[in-house]
Amino acid sequence: MDAQPRRGPDWPTAWRALVPVYGLATILHAIFSLFAAPIWVIFFLYARMVLDGARLAEDPWRGRGSPRPYLVAFVIAIAAHLVAFALLPSTSSGSLLATATGGGVAALSLAAIFVAATAPPGARDARGLLRLGASAEILGALSVPTILFAASLPADVEAVGLVALPVVLAVVSTAAFLIASRPRAAASASVARKAPRE
């Protein structure tokens, strides 16, 4: 007797599991990018489960295109960022610094947009929280070049407060997505599924 192929979690379950992984990755990334590298791999695996779960749903994106391109672009951006960031101590190349900085901004922004764009019914209804989650992380990512610029200014310019800004915004983003991911009594727990082909 052939074993049945193991099915992954449904779309809402996979998305609720993705959110804390996203939060841990972004917070660790804000502290030190390389700390977050293994968590980003886990984020990618959960993101694939979200897409696979949503594929079974009927019109999951409500007329909009699939968020899959955000995930593909995220993988490219995070790889460029982490490689450049790891090589920075051994060279003072300006192009390497630009790659590390730009890749980090792009990767964090794409990850936040992906999480917001893949929200299932129920969580999707909390549009304000999803926008807050994505916006906070994008602002956190954009604050990194500002911090690097401030650090290059004379010592009398206070930049200490800026260092904590990406961490604070990552926490805000994570909290917004976590609140949006809570099951709501008013929202149906089931997701409409495509009718099987005969």
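Asker: Describe the side chain of Thr-26, listing the residues and the values that go with them.
Answerer: With respect to the helices and strands, the residue Thr-26 is situated in helix H1 (residues 11–31). Given a relative accessible area of 0%, Thr-26 falls into the buried group. Look past the residues within four positions of Thr-26 in its chain and what remains in contact with it is Trp-40, Leu-108, Glu-137, Ala-170 and Thr-174.

Asker: So what about the nonpolar core? Which residues, and what values?
Answerer: Across soluble globular proteins, nonpolar side chains show a tendency to be buried alongside one another. Trp-15, Leu-18, Trp-40, Phe-43, Phe-74, Val-115 and Phe-177 are the most contacted members of the largest nonpolar core, which has 40 residues in total. Mapped onto this core, the elements with two or more residues apiece are H1, helix H2 (37–55), helix H3 (68–87), helix H4 (94–117), helix H5 (127–151) and helix H7 (165–181). Counting residues per element, this core draws most heavily on H4, which supplies nine residues.

Asker: Any chance you could break down the environment of Ile-39 for me, citing the residues and the numbers?
Answerer: Of note, Ile-39 is situated in helix H2. A C-alpha to C-alpha distance of 8.7 Å links Ile-39 and Leu-28, two positions eleven residues apart in sequence. Those residues within four positions of Ile-39 in sequence are excluded, and the remaining contacts are Val-21, Leu-24, Ala-25 and Leu-28.

Asker: Run through H1, naming residues and quoting values.
Answerer: Here H1 is 21 residues long and its end C-alpha atoms lie 30 Å apart, about the 30 Å a rise of 1.5 Å per residue gives. Every buried residue belonging to H1 is among Trp-11, Pro-12, Ala-14, Trp-15, Leu-18, Val-19, Val-21, Tyr-22, Gly-23, Ala-25, Thr-26 and His-29, and all of these are buried.

Asker: How would you sum up a nonpolar patch on the surface? Please name residues and give values.
Answerer: Together, Ile-31, Phe-32, Leu-34 and Phe-35 line one region of the surface with nonpolar side chains, adding up to about 370 Å² of accessible area. Inspection of the secondary structure assignment puts Phe-32 in the loop between H1 and H2.

Asker: Break down the packing of H2 against H4 for me, with residues and values.
Answerer: Between H2 and H4, the least distance of the axes is 12 Å, while the angle of their chain directions is 30°. On the basis of their axis angle, the class for H2 and H4 is roughly parallel. H2 and H4 meet at a crossing whose hand is left-handed. Two secondary-structure elements touch here, H2 through Trp-40, Phe-43, Ala-47 and Leu-51 and H4 through Leu-108, Ala-111, Phe-114 and Val-115.

Asker: Describe H3, with residues and values.
Answerer: For H3, with 20 residues, the first-to-last C-alpha span of 29 Å sits near the 28 Å given by 1.5 Å per residue. If you check which residues of H3 are buried, you get Leu-71, Phe-74, Ala-77, Ile-78, His-81, Leu-82 and Ala-84. Seen from one end, H3 has its buried residues packed into an arc of 165°, which puts them on one side. Along H3, exposed side chains directed more than 90 degrees from the buried face belong to Pro-69, Ile-76 and Val-83.

Asker: Tell me about a positive patch on the surface, residues and numbers included.
Answerer: Positive charge collects at one region of the surface, where Arg-62, Arg-64, Arg-127 and Arg-131 lie side by side. Checked against the element boundaries, Arg-62 lands in the loop between H2 and H3. Take Arg-62: its relative accessible area is 47%, and that puts it in the partly exposed class.

Asker: Just give me the short version of the packing of aromatic side chains, but keep the residues and values in it.
Answerer: Scanning all chains against the criterion turns up nine aromatic pairs. Between the aromatic rings of Tyr-22 and Phe-43, the centroid separation amounts to 6.4 Å while the plane-to-plane angle is 45°, which identifies the pairing as tilted. With Tyr-22 in helix H1 and Phe-43 in helix H2, this residue pair connects regions lying 21 residues apart in the sequence. In this structure, Tyr-22 and Phe-43 share a single accessibility class: buried. Seen from their ring centres, Tyr-22 and Phe-177 are 5.4 Å apart, and the 75° between their planes marks the pair as edge-to-face. Taken together, the residues span a long stretch of sequence, with Tyr-22 in helix H1 and Phe-177 in helix H7 at a distance of 155 residues. Here Tyr-22 and Phe-177 have matching classes, each one buried. Clustering of aromatic rings is evident, with ring pairs tying together Tyr-22, Trp-40, Phe-43, Phe-74, Phe-114 and Phe-177.

How each quantity is defined
- Residues numbered from 1 in each chain as written.
- Predicted model: local features only at pLDDT ≥ 70, side-chain atom pairs only at ≥ 80, totals over all residues.
- Heavy atoms only, no water.
- Helix = DSSP H or I, 4+ residues; strand = E, 2+ residues; numbered from the N terminus.
- Buried < 20%, exposed > 50% of the residue type's maximum accessible area, 1.4 Å probe, protein only.
- Contact = heavy atoms within 4.5 Å.
- Core = buried A, V, L, I, M, F, W, Y, C linked by side-chain atoms within 4.5 Å.
- Expected span 1.5 Å × (residues − 1).
- Patch = residues over 30% accessible without salt bridge, like charges linked within 9 Å, V, L, I, M, F, W, Y side chains within 5 Å.
- Areas by Shrake-Rupley, 256 points an atom, 1.4 Å probe, with all protein chains shown as cover.
- Salt bridge = Lys/Arg side-chain N within 4 Å of Asp/Glu carboxyl O.
- Axes fitted to C-alpha atoms, helices over the stretch in contact; angles between N-to-C directions.
- Parallel < 35°, antiparallel > 145°, perpendicular 65-115°, else oblique.
- Left-handed = near helix turned anticlockwise from the far one by under 90°.
- Arc of directions from axis to C-beta.
- Lys, Arg positive; Asp, Glu negative; His and termini not counted.
- Charge placed at Lys NZ, Arg CZ, Asp CG, Glu CD.
- Phe/Tyr/Trp six-rings, centres within 6.5 Å; stacked < 30°, edge-to-face > 60°.

Nothing here speaks to function; it is geometry throughout.
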